[in-house]
Amino acid sequence: MLWSVKDLSQFQKYYEEYMPKIFRYVYSKVSDRELAEDLVSEISLKALEHFDSYDETKPFGGWFYGIARNHVIDHYKKYKKSQHTSLSELENVLPDKSNPAADAERAIADERLKAALGKLHDDKKELVTLRYLAEYSYKEIGAIVGKEENAVKVATHRAVGELKKMLHYYAE
């Protein structure tokens, strides 16, 4: 396909704005930095190849996220791997060798969070992931999931409340 300078410039603008969010989302699903980088490269290429089908009246983030989400699903269908999230890796937090007790507490907290996230319904888990890991706005999430912004806020708030209850349960 032959691209105009305008098309490439517009895609680059969107790419720079949304790539960190897409990477965090993909990484939260695969928990492997190298694999996430490979998948994000493939997702970016797919998005560029299909950029002419993007409807400019709709948010780019939702369109781009849809490509990423489908690509991750295809990856798991192909390789049949289980998904999990390591928040300490996601946040690029390196263990502090001078404080093993703090490292142990963080590891326990991460495991509790993973367990609690694993118990959430997929819809709620997706809202929490999009809001707090991929850092999408409520408006962007609404465009992605096809709901009004206020409905997304309420559903996300409820999902976080449910998550907090589970975390309190796992802490006991």
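J.: Sorry if this is basic, but what is going on with the pattern of salt bridges here?
T.: Any two side chains of opposite charge can pair, so long as their charged atoms come close to each other. Counting across every chain of the model gives six salt bridges. Between Arg69 and Glu126 there is a salt bridge; the shortest N-O distance is 2.9 Å. Residue Arg69 is found in helix α3 (residues 60–79), and its partner Glu126 is found in helix α6 (residues 122–133); the two are separated by 57 residues along the sequence. Using a relative accessible area of 15% as the deciding quantity, one classes Glu126 as buried. Taking the shortest distance from any N to any O, the salt bridge between Lys153 and Glu149 comes out at 4.0 Å. Of the two residues, Lys153 and Glu149 are both situated in helix α8 (residues 149–171); the distance of four residues between them amounts to about one turn of the helix.

J.: What is the right way to look at the side chain of Thr129 in this model?
T.: Within the secondary structure, Thr129 sits in helix α6. Within the structure, the side chain of Thr129 is placed 2.8 Å from the backbone oxygen of Lys125, a separation counted as a polar contact. Those residues in contact with Thr129, other than ones at most four positions away along the chain, are Tyr25, Ser28, Lys29 and Ala134.

Criteria and thresholds
Residues numbered from 1 in each chain as written. Predicted model: local features only at pLDDT ≥ 70, side-chain atom pairs only at ≥ 80, totals over all residues. Heavy atoms only, no water. Salt bridge = Lys/Arg side-chain N within 4 Å of Asp/Glu carboxyl O. Helix = DSSP H or I, 4+ residues; strand = E, 2+ residues; numbered from the N terminus. Buried < 20%, exposed > 50% of the residue type's maximum accessible area, 1.4 Å probe, protein only. Polar contact = N/O pair within 3.5 Å; in protein donor to acceptor, adjacent residues only side chain to side chain. Contact = heavy atoms within 4.5 Å.

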